[in-house]
Amino acid sequence: MGNSTSFTIKDEPIENLRPLKVRVIGAGFSGIYLGIRVPQRLRNVDFQIYEKNEDVGGTWFENRYPGCACDIPAHSYQYSFDPNPDWSAFYAPAKEIWGYLRGIADKYGVMKYVRLSHKVTSCTWDDSLKKWKIKIEDLNTGNIIDDDADILISARGALNDIAWPKVPGLDTFKGEKMHSAAWNQKYDFRNKRVGVIGGGSSAIQIVPSLQKVEGVNLTCFIRSKTWISNPFGDNVMMQLGLDPNLIEFSPEQRKEFATDPKKFFEFRKTIEVDTNMVHGVTLQGSDMQKGAVEAFRAMMRKRLEKKPEIAESLLPSFAVGCRRLTPGPGYLEALVEDNVEFISDKISSISETGVSLETGRSIELDALVCATGFNNSSPPPFHVFGKDGRSLQQKFTPYPETYLTVATDGFPNFFMMLGPNSVIGSGSLTIMIETEGDYIVKCIRKLQKEDYTSMMPKAERVRDFSAYIDEYFKRTVYMDNCNSWYRSEGGKGSRITGLWPGSPLHCLETLRSPRWEDFEYESKDENRLRWLGNGWSMTQIEGGGDPAWYIEPSMVNVPLEKPEEDEEFKRRPFSH
């Protein structure tokens, strides 16, 4: 006997392109990628990207400080489908990276989906409607806009929420005060007494630039020890016959990259292989780690030999990579110049005119630069309320727990790009961005095609991934005794919240094919196969596709006579 339950056929083709509203927060690397792939791969989607800034580009639009540049090879910091042969330097300056992103957004039609100067202020899940209720402030008019969405994607990135130093009296300083991510480009540093607080990647880029300014006297307040590496591309450049000391590309080299695709591809390939094969340095006690410590210590002492006392203050006892590793061209050389003073004493307070140290010394300043980074381990700086009114801030206290970085339990139809545990210590971050975006697009399509009103990871799987993170990092250098933005509690906690627990290639394989059984779903219909529709495919409907698509050469996978010799599956094992 058949099932006697009342049932009606859904009068739609099997592909089921039901309308959905998708909203994205942020138009940096991640948001722009979604602005390409969502329209390319999905249909019948009402799609918008909200961006609080006046233009796209995210951190590369916001960060304008002198010396701001990519700290990994630029040819590994771009979209895989549109590589740029025209980077001016191995570590491309911020302005070029922003120009590249803006050019990509224009080229692929992303801008028509972006609403600039629109700041999301709150997002609330309405469980009765199965929708996100979103409030947005139009920064040009001050008006508050109400919107809703079936799917909400946070693509705001990690380097977004400015962290100021927690020093008494900071707000009383009457000179020029700026954060590295909120740079005053109109300020004239010539003949000024300038203090720089911080010793991380931003400070490492700022100091060499400010040191060269006419008449400047620079005081660097650096409490934290840090490793400065050789340029990441040293081995690559030597393999390709290039001088590692010349990080700028000549017009002839750039022209060759643009006109010789084979040469350009080989250059990119060599970079990717090199950066992917240094993962061993992240493992505590590995031969690669020991070699890095010896090599970097010797290199730093040599570059600081004019003022050897700086080396004693700067050289860490913790492992290479425990803090973010930065090549810092020109940084150590700037620290030993006559117009630069290196101070490792703790700042006790800041006054109207300068800085006071715990030693009792006071230093008068005209300008104070705070290169103190971002609140990386915190939730978004706007309210996100999931099921039962629980906020993401509550969920992420004392530290964030997610499912494979892209989602978390209690927050249906909510996805994250570059969320907690998304970044990497080595390798290509941008291919991870692409992989996360592809994964999220697959989830949206599943919701659409199979008539689910919501999906979210099971709490048990979130706990499983959290346990995996804890166990994995025990054997890595990231748990060594250092203060790092990779960690919870503002860099001082015992939990790694910034990094993916594995190599970039490990992440790519993890997110290659979603484990749908790790999610829980709510369906539009009691019969969960009603999405099978009316027995038709839309490819049989005029204008709906190709009714013989399966014999098109681009759609046919032709095996070799010896199928086991197929290069595709030698390069990467098959996955379901």
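Above: the structure in question.
Remember, it's a predicted structure, so these values are computed and weren't measured experimentally.

On the secondary structure map, R495 appears in the loop between α14 (488–491) and α15 (504–510). Polar contacts involving the side chain of R495 include one to the side chain of D470, which spans 2.9 Å.

Here we have 4 strands laid out as an open sheet, ordered β6-β5-β4-β16, and mixed in their pairing. Each having just a single partner strand, β6 (144–149) and β16 (383–385) make up the two edges of the open sheet. The average undirected angle you get between the axes of adjacent strands in this sheet is 20°. Judged from the 6 bridges that link them, strand β5 (residues 131–138) and β6 form a sheet pairing that is antiparallel. Within the sheet, the bridge partner assigned to I136 lies in β6 and is I145.

This next bit is on the sheet that holds strand β13 (residues 354–357). What the 3 strands build is an open sheet, ordered β12-β13-β14; its pairing is antiparallel. Two strands bound the open sheet, and with one partner strand each, they are β12 (347–350) and β14 (362–364). Across the sheet, the mean angle from the axis of one strand to that of its neighbour is 25°, orientation sign disregarded. Pairing geometry for β12 and β13, over 3 bridges, is antiparallel. When the bridges of β13 are listed, I350 appears paired with V355.

Another point: the state of the cysteines. All chains considered together, the criterion is met by 1 disulfide. Between the sulfur atoms of C322 and its disulfide partner C482 the distance amounts to 2.0 Å. The sign of the -90° torsion about the S-S bond sets the C322-C482 disulfide as left-handed. Note that C322 is positioned in the loop between α9 (308–314) and α10 (331–335) and C482 in the loop between α13 (459–473) and α14, a separation of 160 residues in sequence. C322 gets classed as buried once you look at its relative accessible area, which sits at 1%. Here C68 stays unpaired: no disulfide links it, and the sulfur of C70, its closest cysteine neighbor, is 9.5 Å away. Not engaged in a disulfide, the cysteine C507 finds its nearest cysteine sulfur in C443; these two sulfurs lie 14 Å apart.

A word on a nonpolar patch on the surface. A cluster of nonpolar side chains, W549, Y550, I551, M555, V556 and V558, forms an exposed patch at the surface whose accessible area comes to about 650 Å². Of note, V558 is situated in the loop between β19 (519–523) and α16 (567–571).

Think of a pair of aromatic rings as described by two things: how far the centres are apart, and how the planes are tilted against each other in angle. Under the defined criterion, the tally for this structure stands at 36 aromatic pairs. Between W87 and Y100 the ring centres are 5.3 Å apart and the planes differ by 50°, which places this aromatic pair in the tilted class. One end of the pair, W87, is in the loop between α2 (59–62) and α3 (94–107); the other, Y100, is in helix α3, with 13 residues separating them in the sequence. On the accessibility criterion, W87 (1% relative accessible area) is buried. Through pairs of rings, three or more aromatic residues link up here, namely F29, Y33, W60, Y77, Y79, F81, W87, Y100 and Y108. A cation over a ring is seen here: R37 above F81, with NZ or CZ 4.8 Å from the ring centre. Taking NZ or CZ as reference, K177 lies 5.6 Å from the ring centre of W164, over its face.

Criteria and thresholds
- Residues numbered from 1 in each chain as written.
- Predicted model: local features only at pLDDT ≥ 70, side-chain atom pairs only at ≥ 80, totals over all residues.
- Heavy atoms only, no water.
- Helix = DSSP H or I, 4+ residues; strand = E, 2+ residues; numbered from the N terminus.
- Polar contact = N/O pair within 3.5 Å; in protein donor to acceptor, adjacent residues only side chain to side chain.
- Pairing = 2+ DSSP bridges.
- Axes fitted to C-alpha atoms, helices over the stretch in contact; angles between N-to-C directions.
- Disulfide = S-S within 2.5 Å.
- Buried < 20%, exposed > 50% of the residue type's maximum accessible area, 1.4 Å probe, protein only.
- Patch = residues over 30% accessible without salt bridge, like charges linked within 9 Å, V, L, I, M, F, W, Y side chains within 5 Å.
- Areas by Shrake-Rupley, 256 points an atom, 1.4 Å probe, with all protein chains shown as cover.
- Salt bridge = Lys/Arg side-chain N within 4 Å of Asp/Glu carboxyl O.
- Phe/Tyr/Trp six-rings, centres within 6.5 Å; stacked < 30°, edge-to-face > 60°.
- Lys NZ or Arg CZ within 6 Å of the ring centre and 35° of its normal.

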